[in-house]
Amino acid sequence: MREVSSNRQSEKRDRDATEDYPQSDPEVQVVCIHLGAPGRLGAGARTGGGSRRAGQRPGYDRLQARRFEFVPPWCIKVFLVYAPRRVDCPDCGVQVEQMPWASGKHRLTEAYAWFLARWAKRLSWKEVAVVFRSAWDSVFRSVEMAVEWGRAHQDLSGIQAIGIDEISRQRGHRYLILIYQFDRHCKRLLWVGNDRKTKTLLGFFRWLGKDRSARPPIHL
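Model, not experiment: these values are computed from the prediction. Residue positions are given per chain, counting from 1 as you read along its sequence in written order. The predicted origin of the model limits local features to residues at a pLDDT of at least 70 and limits the giving and counting of side-chain atom pairs to 80 or more, whereas totals for whole chains, interfaces and linings rest on all residues. Heavy atoms from the whole structure form the basis of all side-chain values; hydrogens and water molecules are not counted.

Draft legend 1. Main features of the confidence of the model for the protein chain. Every residue carries a pLDDT, the predictor's confidence in it, which falls somewhere between 0 and 100. This prediction gives the protein chain a mean pLDDT of 77; 74% of its residues lie at or above 70. Starting at the N terminus, helices and strands are each numbered in turn, a helix being any DSSP run of H or I of at least four residues and a strand any DSSP run of E of at least two. The least confident element of the protein chain is strand 1 (residues 2-5), whose mean pLDDT is 43; the most confident is helix 2 (residues 110-119), at 94. Long-range and interchain partners of residues 1-24, a stretch whose pLDDT sits below 50, account for 44 contacts in this model, where long-range means more than four residues apart. Here, residues are in contact when the closest pair of their heavy atoms is within 4.5 Å. Per-residue pLDDT stays below 50 along residues 38-51; that stretch engages in 24 contacts with residues further than four places along the chain or on separate chains.

And the structure:
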């Protein structure tokens, strides 16, 4: 695999930040874009413990550089490289700053996660991973993110018919349960659960709610 850095002086940081990336395809070109100024914490910052003096900014230290995968233009791998800062909050203690392009400890940018999730509606998850040279687990996490976002914003009223499907996640008979709405006016993915077990389905009905899960009365 050949990497192209946006700054020749940052080659060592590239190696440190990319050592966990699978070096499997020598034809893949990788571009690393470094964000911010690594090592600069701002006035009043420090690299160790101790209390913060009055008037100092709440800088604390920086974590090691991390890579966040971005949408690949022309099949070129693009990574944002950034060393997250930790801040000393007077109420919450030492916290890692929130980054607008990613959430939590995810290695994909939110833009790339939505990109994979949209393609996963057109192709199988394995095909999406192969076409964009990504990991199957990255596609799964992206679809999971899209489903969780949709579940938090979806209208669950009027569900009359559902369908249950399963897909193999890994070797060794590990499956995911997929539950869809199949009403005439709406067809969509409602829920994804781990393992092909009864408690997985019970988890769906608990999430759906007792009133929505109740069987409608039959009128003779």
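So, next bit.
Draft legend 2. Examining the pattern of salt bridges more closely. Salt bridges are defined by distance alone: a side-chain nitrogen of Lys or Arg within 4 Å of a carboxyl oxygen of Asp or Glu. One pass over the structure, following the stated rule, counts six salt bridges. Lys-77 serves as the salt-bridge partner of Glu-69, at 2.5 Å between the closest nitrogen and oxygen. Taken as a pair, Glu-69 and Lys-77 share a single burial class, namely buried. Of the charged contacts, one joins Arg-141 and Glu-144 as a salt bridge, the two residues approaching to 3.3 Å between their closest N and O atoms. Pair noted here: Arg-141 and Glu-144 are both in helix 4 (residues 136-153), with a separation of three residues, about one helical turn. Burial status follows relative accessibility: with a 1.4 Å probe on protein chains alone, a residue under 20% of its type maximum counts as buried, one over 50% as exposed, and anything between as partly exposed. What makes Arg-141 partly exposed here is its relative accessible area of 36%. On the basis of relative accessible area, Glu-144 is assigned to the partly exposed category, the value being 27%. Look at the salt bridges and you will find they share partners, linking Asp-137, Arg-141 and Glu-144 into a network.

Draft legend 3. Broad picture of the pairing of strand 10 (residues 186-194). Should DSSP find at least two bridges between two strands, the strands are regarded as paired. Across eight bridges, strand 9 (residues 174-183) lies against strand 10 in antiparallel orientation. Looking across to strand 10, one finds that Tyr-180 is bridged to Leu-189. Hairpin connection of strand 9 to strand 10: two residues between the antiparallel strands.

Draft legend 4. The arrangement of the packing of helix 2 against helix 4 in detail. For helices, the axis comes from a line fit to the C-alpha atoms of the stretch in contact; other axes are also lines fit to C-alpha atoms, and the angle between any two N-to-C directions lies between 0 and 180 degrees. Interaxial distance between helix 2 and helix 4 falls to 8 Å at its minimum, and their mutual angle equals 90°. The angle between the axes of helix 2 and helix 4 places the two elements in the roughly perpendicular class. Here Ala-113, Trp-114, Leu-116 and Ala-117 of helix 2 come into contact with helix 4, specifically with Ser-138, Val-139, Ser-142, Val-143, Met-145, Ala-146 and Trp-149. Gly is put with the polar residues, along with every residue not named as nonpolar or charged; the nonpolar set is Ala, Val, Leu, Ile, Met, Phe, Trp, Tyr, Cys and Pro, and the charged set is Asp, Glu, Lys and Arg. Classifying every residue of the contact of helix 2 with helix 4 gives nine nonpolar, two polar and no charged. When an angle is under 35 degrees it counts as roughly parallel; over 145 it counts as roughly antiparallel; between 65 and 115 it counts as roughly perpendicular; any other value is oblique.

Draft legend 5. Local environment of a nonpolar patch on the surface. Residues Ile-162, Ile-164 and Phe-205 make up a contiguous nonpolar surface patch of roughly 250 Å² in combined accessible area. One can find Phe-205 in helix 5 (residues 198-208). Patch members must show over 30% relative accessible area and no salt bridge, and they are joined within 9 Å when carrying like charges or within 5 Å when they are nonpolar side chains of Val, Leu, Ile, Met, Phe, Trp or Tyr. In these tables, accessible area is a Shrake-Rupley quantity obtained with a 1.4 Å probe, and a residue counts as shielded only by the protein chains included in the view.

Draft legend 6. Structural view of the side chain of Thr-200. Topologically, Thr-200 is positioned in helix 5. A 3.5 Å cut-off defines polar contacts: any pair of N or O atoms within that distance qualifies, except that in protein one atom must be a possible hydrogen donor and the other a possible acceptor, and neighbouring residues in sequence count only when both atoms are side-chain atoms. Separated by 2.8 Å, the side chain of Thr-200 and the backbone oxygen of Asn-194 make a polar contact. A distance of 2.9 Å separates a polar atom in the side chain of Thr-200 from the backbone oxygen of Asp-195. If we skip the residues at most four places from it in the chain, Thr-200 touches Ile-177, Trp-191, Gly-193, Asn-194 and Asp-195.

Draft legend 7. Geometry of the nonpolar core. Definition of nonpolar core: a set of buried residues of the types Ala, Val, Leu, Ile, Met, Phe, Trp, Tyr and Cys, connected through side-chain atoms within 4.5 Å. By size, the foremost hydrophobic cluster in this structure holds 13 residues, and its most contacted members are Leu-116, Ala-120, Trp-125, Val-128, Val-139 and Val-143. Mapped onto this core, the elements with two or more residues apiece are helix 2, helix 3 (125-131) and helix 4. Of the residues forming this core, the biggest block, four residues, is contributed by helix 4. Residues within four places of Ala-120 in sequence aside, it is in contact with Trp-125, Val-128, Val-139 and Val-143. Core analysis: the next-biggest nonpolar cluster, separate from the first, contains eight residues, Leu-156, Ile-159, Ile-177 and Leu-208 among them.

Draft legend 8. Structural context of the pairing of strand 2 (residues 29-34). Every second residue of strand 2 is oriented toward a common face, the buried set being Val-30, Cys-32 and His-34 and the non-buried set Gln-29, Val-31 and Ile-33. As judged from the five bridges shared by strand 2 and strand 5 (residues 77-82), these two strands associate in the parallel manner. The residue bridging Ile-33 from the neighbouring strand is Leu-80, located in strand 5.

Draft legend 9. Helix 4, seen in detail. To estimate the expected span of a helix, subtract one from its residue number and multiply by 1.5 Å. The end-to-end C-alpha separation of helix 4 is 26 Å, in line with the 26 Å expected for 18 residues at 1.5 Å each. Taken residue by residue, helix 4 has Ser-138, Val-139, Phe-140, Ser-142, Val-143, Ala-146 and Val-147 as its buried positions.

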